[in-house]
Amino acid sequence: MTTLGIIQARMGSSRLPGKVLRKLGGRSVLERVVRAAQASGVLDTLVVATTVEPADDAVVAECAAIGIPCYRGPVDDVLTRFLGVLDQHESDVVMRFTADCPLLDPHLVALAHRVFTAAQVDYMTTSITRTLPRGLDVEVVRTPVLRAVDALATDHHRTHVTSYIYTHADDFDVIGLTMQPDLSHLRLTLDTEDDWKLIEAIVGHFGEEPLSVRKLADWLAGRPDLIELNAHVLQKALVQA
C-alpha cells in the first residue's frame, strides 16, 4: 500500500498572515510539520500543496530549501489542489496534514496509519470525537474515495477537502480514532498570536525535535499559565473558509 502525505500550506490567513513561514527556533513552522510527518516513517511520498497566489512564491522557495516537492493550485478550492497532487504521484492512501500544526506527533501519525490499514475503511480521523489536542489531528483516506468526492463536494466542502466524507458518513466507511486520556482541552494549533505565544514557549523549552503528545501534555499540566494563553480562542466553524 503506497501512502502519500499532503500538507496544505499558504501564506494567506485571516487571523495570522504568513504563519506557516514564521520561525520556531531554527526552523519554519512548515519545516517542523514536514519533519514530523517524515519522522512517522509511514509515508512513501510527502508533498506540500500551496496556491498560485504570488504571496505563496515564498512557500515554494521554502519547499525548495528544505527539499520537499511542491504543487500549486487554487486558493480556496483545496480539494482541487489535492487532486492535482494525486495526478502527479501514485498512491493508494492519502494522509492529510495542515501547515499550521507545528507540534504534530510522528508517533500519532504512525499509529493512525496502522489502525487505518488494519480497519480497511474509506476514511479515518481523530477529530470525529475529539480527545487529542487541536493541532495534532490525523486524517487518512483511500485515494479512490478522495477522487470520488470531487464530483460531490461543493462550497466549504472543497475548502476542507475531507469534510464531505465525514458529514455524509452513511455513504462511506468512516471511523473515528480516540485516545486516552482526553486532552481535548489543549489547543496546540497555530491560528492567532496567542496560539503563537504558547507554541513558542513549548519549542523554547523542548527544542527542535518532534515531541510526543504524552510528554507535552505532562509538562503542560504543570504550566496552567501557558494553557491559559490561548484557552479563549475559538475555532472557526466548518462553513467558514
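Owing to the predicted nature of the structure, the values given are computational and were not obtained by experimental measurement. (Residues numbered from 1 in each chain as written. Predicted model: local features only at pLDDT ≥ 70, side-chain atom pairs only at ≥ 80, totals over all residues. Heavy atoms only, no water.)

## Quick notes on the packing of helix α8 (residues 193–206) against helix α9 (residues 213–221)
Turning to step 1, where the next piece is worked out: Running from amino to carboxyl end, α8 crosses α9 at an angle of 105°, the nearest separation of the two axes being 12 Å. With respect to each other, α8 and α9 are oriented roughly perpendicular. Side by side, α8 and α9 meet where Leu 198, Ala 201, Ile 202, His 205 and Phe 206 of the first sit next to Lys 215, Leu 216, Trp 219 and Leu 220 of the second.
Turning to step 2, where the next piece is worked out: Looking at the contact of α8 with α9 residue by residue, the class counts come to seven nonpolar, one polar and one charged. (Axes fitted to C-alpha atoms, helices over the stretch in contact; angles between N-to-C directions. Helix = DSSP H or I, 4+ residues; strand = E, 2+ residues; numbered from the N terminus. Parallel < 35°, antiparallel > 145°, perpendicular 65-115°, else oblique. Contact = heavy atoms within 4.5 Å. Nonpolar A, V, L, I, M, F, W, Y, C, P; charged D, E, K, R; others polar.)

## As for the packing of helix α1 (residues 29–39) against helix α2 (residues 57–66)
Turning to step 1, where the next piece is worked out: Relative orientation of the contacting elements α1 and α2 amounts to 45°, with a least axis distance of 10 Å. Between α1 and α2, the crossing angle belongs to the class labelled oblique. α1 and α2 meet at a crossing whose hand is right-handed. On the side of α1, the interface is formed by Leu 30, Glu 31, Val 34 and Arg 35, while α2 contributes Val 59, Glu 62, Cys 63 and Ile 66. (Left-handed = near helix turned anticlockwise from the far one by under 90°.)

## Things to note about the packing of aromatic side chains
Turning to step 1, where the next piece is worked out: Tallying each qualifying case throughout the model produces three aromatic pairs.
Turning to step 2, where the next piece is worked out: Relative to Trp 219, the ring of Phe 206 has its centre 5.2 Å away and its plane inclined at 80°; by these criteria the two rings are edge-to-face. On the criterion of sequence distance, the pair formed by Phe 206 in helix α8 and Trp 219 in helix α9 is long-range, its members being 13 residues apart.
Turning to step 3, where the next piece is worked out: By relative accessible area, which is 23% here, Phe 206 ends up partly exposed.
Turning to step 4, where the next piece is worked out: Classification of Trp 219 as buried rests on a relative accessible area of 19%.
Turning to step 5, where the next piece is worked out: Taking NZ or CZ as reference, Arg 22 lies 4.9 Å from the ring centre of Trp 196, over its face. (Phe/Tyr/Trp six-rings, centres within 6.5 Å; stacked < 30°, edge-to-face > 60°. Buried < 20%, exposed > 50% of the residue type's maximum accessible area, 1.4 Å probe, protein only. Lys NZ or Arg CZ within 6 Å of the ring centre and 35° of its normal.)

## Regarding the pairing of strand β8 (residues 139–142)
Turning to step 1, where the next piece is worked out: Here four bridges tie strand β6 (residues 93–98) to β8, and the two strands are oriented antiparallel to one another. For Met 95, the partnering residue across the bridge sits in β8 and is Val 140.
Turning to step 2, where the next piece is worked out: Note that strand β7 (residues 123–125) and β8 share three bridges and pair antiparallel. Its bridge partner being in β8, Met 124 is matched across the sheet by Val 140. (Pairing = 2+ DSSP bridges.)

## Side note on the environment of Ser 91
Turning to step 1, where the next piece is worked out: Note on placement: Ser 91 falls in the loop between α3 (78–88) and β6.
Turning to step 2, where the next piece is worked out: Expressed as a C-alpha distance, the spacing of Ser 91 and Gly 18, which sit 73 residues apart in the sequence, is 30 Å.
Turning to step 3, where the next piece is worked out: When residues no more than four places from it in sequence are discounted, the contact partners of Ser 91 are Thr 2, Leu 4, Leu 86 and Thr 143.
Turning to step 4, where the next piece is worked out: Within polar-contact distance, the side chain of Ser 91 engages the side chain of Thr 143 at 2.8 Å. (Polar contact = N/O pair within 3.5 Å; in protein donor to acceptor, adjacent residues only side chain to side chain.)

Just distances and angles here, no functional claims.
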